[in-house]
Amino acid sequence: MRAHEAGALHGQAGTRGPAWLARPEDPNALVEHLWSQNVTKDDAGVLQVGGVRVDEVAATYGTPTYVVDESDLRARARAFADAFDGWDVYYAGKAFLCTAVARWVTEEGLKLDVCTGGELAVALRAGVDPADIGLHGNNKSVPEIRQALEVGVGKIIVDSFEEIDRISALASELGVTARVMVRVTAGVEAHTHEYIATAHEDQKFGLSITEGDAFEAVRRVLADPAFELAGLHSHIGSQIFDTAGFEVAAHRVLALHERIAVELGHVCPEMDLGGGYGMAYTTQDDPATPARLAEGLRTIVERECRAAGLAVPRLSIEPGRAIAGPSTFTLYEVGTTKEVALDGGATRRYVAVDGGMSDNIRTALYDADYSCTLASRRSDAEPVLSRVVGKHCEAGDIVVKDEFLPGDVAPGDLLAVPGTGAYCRSLASTYNHVPRAAVVAVRDGEARLIVRRETTDDLLRLDVG
Ligand SMILES: Cc1ncc(COP(=O)(O)O)c(C=O)c1O
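Residues numbered from 1 in each chain as written. Predicted model: local features only at pLDDT ≥ 70, side-chain atom pairs only at ≥ 80, totals over all residues. Heavy atoms only, no water.

### Here we look at the nonpolar core
Where a protein is soluble and globular, its nonpolar side chains tend to be buried together. With 110 residues, the main nonpolar core has Phe80, Phe84, Tyr91, Leu112, Val182, Leu273 and Ile317 as its most contacted residues. Tallying contributions element by element places helix α8 (residues 244–264) first for this core, with eight residues. In contact with phenylalanine 84, other than residues within four places in its own chain, are Val89, Pro290, Leu293, Ala294, Leu297, Arg298 and Ile317. Counting residues in each nonpolar core, the second largest holds 19 residues, with Leu34, Val57, Ala375 and Val442 among its members. (Core = buried A, V, L, I, M, F, W, Y, C linked by side-chain atoms within 4.5 Å. Buried < 20%, exposed > 50% of the residue type's maximum accessible area, 1.4 Å probe, protein only. Helix = DSSP H or I, 4+ residues; strand = E, 2+ residues; numbered from the N terminus. Contact = heavy atoms within 4.5 Å.)

### Some words on the state of the cysteines
Overall, the coordinates contain zero disulfides when judged by the stated rule. Just so you know, cysteine 268 is unpaired, no disulfide at all, and the nearest cysteine sulfur is the one on cysteine 305, 12 Å from it. Its relative accessible area of 2% is what places cysteine 268 among the buried residues. Free cysteine cysteine 424: the closest other cysteine sulfur is in cysteine 372, separated by 14 Å. (Disulfide = S-S within 2.5 Å.)

### Quick word on the domain arrangement of the protein
Per the domain assignment, the segments of the protein are domain 1 (32–69 + 326–456) and domain 2 (71–325). Measuring from the centre of the C-alpha atoms in domain 1 to the corresponding centre in domain 2 gives 33 Å. Both faces combined, the contact of domain 1 with domain 2 buries some 2,200 Å², and carbon together with sulfur accounts for 57% of it. Across the contact surface, domain 1 and domain 2 share zero salt bridges. For the pair domain 1 and domain 2, the number of links is 12 residue pairs in polar contact (both at pLDDT 80 or more). (Domains from an automatic or database assignment. Buried area = accessible area lost by both parts, 1.4 Å probe. Salt bridge = Lys/Arg side-chain N within 4 Å of Asp/Glu carboxyl O. Polar contact = N/O pair within 3.5 Å; in protein donor to acceptor, adjacent residues only side chain to side chain.)

### Brief notes about the site of the ligand
Neighbouring the ligand are 15 residues, the closest being Gly276, Glu318, Gly320, Arg321 and Tyr423. For the ligand, an oxygen atom lies 2.6 Å from a polar atom in the side chain of tyrosine 423. Residue classes in the shell around the ligand are distributed as four nonpolar, six polar and five charged. (Near = heavy atom within 4 Å. Nonpolar A, V, L, I, M, F, W, Y, C, P; charged D, E, K, R; others polar.)

### Looking at helix α1 (residues 54–61)
Those residues of α1 not exposed but buried are Val54, Val57 and Ala58. Looking straight down α1, one finds that the buried residues subtend no more than 95° of arc, so they occupy a single side. For α1, the exposed residues set more than 90 degrees away from the buried face come down to Ala59 and Thr60. Residues of α1 that are buried in the fold lie against β2 (47–49), β3 (52–53), β4 (65–69), β17 (328–341) and β22 (414–418). The first or second residue beyond α1 is glycine 62, which carries a positive phi of 80°. (Arc of directions from axis to C-beta.)

Rendered as structure tokens:
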């Protein structure tokens, strides 16, 4: 966030928005690669997904609503499974998890990564085979570990020394062996186009390779009969668009893998390279396809293993955003508009919708960029620089910071924001006691509710006086 005396984000005025934002010739047109595969507009400008009109979705289910293109999400999951054939692909449930999505991704050949007891409960209710579940978390509770061991999850990703003791005690008590990976920090943090290979140990996840903690954790795990060590786990960042950052991480993780083999006599059969593969939120983003990522990662790992004289372990990855994110848009109804004079004589149009930071916190939290389109009609009005804001009591309650929308967008219009399938519903809150939005799946001309809208009664039920 930039600081400004008028408040965060007030200082980014300008007559044409940020440099990357092109003034569209036709603001009704969709920027195709920002939308899921089955989204189109008809001649009247009404957005459709899988043959279903969004005005019908709004009439039936209300707004705001997350609209998931089921075939698109399944296709993205399948594309990862196909591209990474021979690897295990775990869908990272933190991106967005409900029983329907858990079933879709496992039907498409993926396994599932969960990071709390709540996510584990969803996976189990969906009927996911526990052997196909990996449990993450930097501070797993005793009940969470106990449940994971009782149901027999395929692996627990160990994140701390304390957790080794906790898992060991519980596994001994239950008379089971805990199959684990040790999460290491490779000293690499990757975001989008750049990666930085120093000083990224200063965060809460994992055990440091450079400080020796990771080796010591592995030593303790191997010395304890309560454990079976599957291998090392490394996750280096988010919104990564290429494989450059993995090069350094893989080098360091494989060096540890080799040291474990030489000094402790254990050849880890597996290795997990984590998630973080990017998606397109705006025209600035150009993510790699799963096939390109797979080729890049395979090349890196094979080269590193060859150089170290090691057999290639069974590899896994954990994409979340790249599967769930592009499949979904959020449908809002416009409630109010206003124009604000900016420095230099320009104006910015504020368009307030019936949701906001409670259904999409990413703009406020990460300064994220989104785009949007008028979804309920065509307009011949001139495009004007607009800011889509929510209904919450925060000036920072912004959904789309900058977009050119037709200048006649008015109350009652529907707006759709693409790319909201990951880290939106899963990070949703009930701020201002606004009930959380519904999730509707569309496939082959049919829409169905997969997560119902919260009601005021749901909220009041928790308030026990
Ligand atoms: C360990 C781990 N795996 C996978 C993911 C999924 O990342 P993404 O949704 O960006 O692919 C995350 C995200 O925080 C993570 O921490």
